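So you can see what is in the structure, the chains are spelled out below.
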Amino acid sequence: MTNINNNILNADTPPIDYFNNLLSQNSNQNFKPISFGHGIPRFTPIDYFNFSNNPILDSDSYIYSDIRGHEKIRQFISNKLNSKLNFQTDFNDFIITSGANSALFKALFLKLEQGDEVIVPSPVYFNHIMAIQMIGAITIEIDSIEENGFQLNITEIINQINDKTKVIILNSPNNPTGAIYDIKDIKHLSDICSKKNITIILDYTYEDYIYGTDYNPLQDFNSLENLIIVGSFSKTFGITGLRIGYLCADPYIIDNLCKIQDTISICAPVISQNILLELIKSETEAINKNKLSAELSRNTLIELIKTIPQLDWITTNGAFYAFLKLPNDIDSWEFSKDLIVNKSVLVLPGTIFGKNWKSYVRIAYGAVDLNEIDEGIKRIKSYFDETT
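So, a few notes on the structure that sits alongside this text. If you're wondering where the values come from, they're calculated on a predicted model, not measured in any experiment. (Residues numbered from 1 in each chain as written. Predicted model: local features only at pLDDT ≥ 70, side-chain atom pairs only at ≥ 80, totals over all residues. Heavy atoms only, no water.)

Of note, Ser-297 is situated in helix H11 (residues 283-305). C-alpha of Ser-297 to C-alpha of Asn-7: the two residues are 290 residues apart in sequence and 39 Å apart in space. (Helix = DSSP H or I, 4+ residues; strand = E, 2+ residues; numbered from the N terminus.)

Here is the structure:
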């Protein structure tokens, strides 16, 4: 048998493809498939933007850019973050990557040695765990406090910090719970990490999806020392397929990340960068279009879930996810499979977001319209009515 790096062999398998394939091949043919799986916004640039310049006809779209990415994009995101930070960044503090996943993987690859420990509040986005596993580091999952809206368990996080701890990943707003972590807790962790030379990686992918409150997890950081910010243009502009994100860090970090980026991809896709250069002219329209849709879907879902007494949802204020508790310690993996086979509805099992969330499922409501939400929840209700 061909030799394969054990870190890769031992890493988790991407779960969404498994359930997508199940939905396409084994769902109930009496129902039109409804997917609450992928975490994507509903609207793409086709729905809100008229291109005055066609990037496909731009010859620069077919050649490499600077490893760090187009300077105008880096300045754009620098200006955006500067409005939230206590200090100022400039374009030299940024590198444009092939999505936020790529940014986070490269950051971890830069910071970690074999056997180093990474603390992750759980539930956690599964690609974060996969990246840690592939690098050969050790994941330390700390369960968030469910009854407080999946807030950080600061006491337990601090108790787990030791000489092997090199990184703490904070994903806020959070995937899969939608939680927005308390600013005071983030500040507390930041102070501790500064003293112990631990890096906080803040995954800020869902920064534009906050409901009913003002929220700024960046407000108490004083510099980029011990801080790396990763983010995505995909959720803001509805361009998940273009694979374009960013990483913000101290210029010394950026210089060394360029070695990794040049080896893996040289630069982010240039045609995607050129499309984004057009779209940043209409950021407000893009955000309003998708956030309004997600907020309407969220409000609708809140009311519909009340019709299913078997489900328990502690509503949160960010992203576009509902993390629902199933009754009677039902195995969420088997439940998710059964729901596809019987009702042609895809939800994701909680087990893929952490070892202790076996009786939870995630519903992603960003990409579905209100009719799909209504029909999907009706089918879930009928599933419970028929099986309990």
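Moving on from the coordinates now.
With that settled, the discussion passes to the sheet that holds strand S12 (residues 348-349). Across the sheet, four strands lie side by side as S9-S10-S13-S12; this open sheet has antiparallel pairing. For this open sheet the edge positions go to strand S9 (312-313) and S12, each flanked by a neighbour on one side alone. Taken together, the five bridges between strand S10 (residues 321-325) and strand S13 (residues 360-364) define a ladder with antiparallel strand orientation. Each bridged residue has a counterpart across the sheet, and for Lys-325 the counterpart in S13 is Tyr-360. (Pairing = 2+ DSSP bridges.)

With that settled, consider the packing of aromatic side chains. All told, the structure shown has 24 aromatic pairs when counted by the stated rule. Here Tyr-209 and Phe-320 contribute two aromatic rings whose centre-to-centre distance is 5.0 Å and whose plane-to-plane angle is 80 degrees, an arrangement assigned as edge-to-face. Of this pair, Tyr-209 sits in the loop between strand S6 (199-203) and strand S7 (227-232) while Phe-320 sits in the loop between S9 and S10; the two residues are 111 residues apart in sequence, bridging distant segments of the chain. The buried category is assigned to Tyr-209, whose relative accessible area is 2%. (Phe/Tyr/Trp six-rings, centres within 6.5 Å; stacked < 30°, edge-to-face > 60°. Buried < 20%, exposed > 50% of the residue type's maximum accessible area, 1.4 Å probe, protein only.)

A word on the nonpolar core. Core analysis: the largest hydrophobic core is formed by 67 residues, its most contacted members being Leu-81, Ile-168, Leu-170, Phe-233, Phe-237, Tyr-246 and Leu-276. Counting residues in each nonpolar core, the second largest holds 33 residues, with Ile-302, Ile-305, Ala-322 and Val-361 among its members. (Core = buried A, V, L, I, M, F, W, Y, C linked by side-chain atoms within 4.5 Å.)

The subject of this paragraph is a nonpolar patch on the surface. Together, Ile-56, Leu-57, Tyr-62 and Ile-63 line one region of the surface with nonpolar side chains, adding up to about 480 Å² of accessible area. Along the polypeptide, Leu-57 turns up in the loop between strand S1 (34-35) and helix H3 (71-82). (Patch = residues over 30% accessible without salt bridge, like charges linked within 9 Å, V, L, I, M, F, W, Y side chains within 5 Å. Areas by Shrake-Rupley, 256 points an atom, 1.4 Å probe, with all protein chains shown as cover. Salt bridge = Lys/Arg side-chain N within 4 Å of Asp/Glu carboxyl O.)

We now examine unusual backbone geometry. The step from Ser-122 to Pro-123 runs through a cis peptide bond, and the omega angle for that step is 10 degrees. With an omega dihedral of 0 degrees, the bond running from Ser-172 to Pro-173 counts as a cis peptide bond. Position of Pro-173 among the secondary structure elements: in the loop between strand S5 (165-171) and helix H7 (183-196). Not every positive phi belongs to a glycine, and Phe-150 is a case in point at roughly 60 degrees. Tracing the chain through its elements places Phe-150 in the loop between strand S4 (138-143) and helix H6 (154-160). Of note, Asn-226 is a non-glycine position whose phi angle comes to about 65 degrees, a positive value.

Any link to function would need more than the numbers given here.
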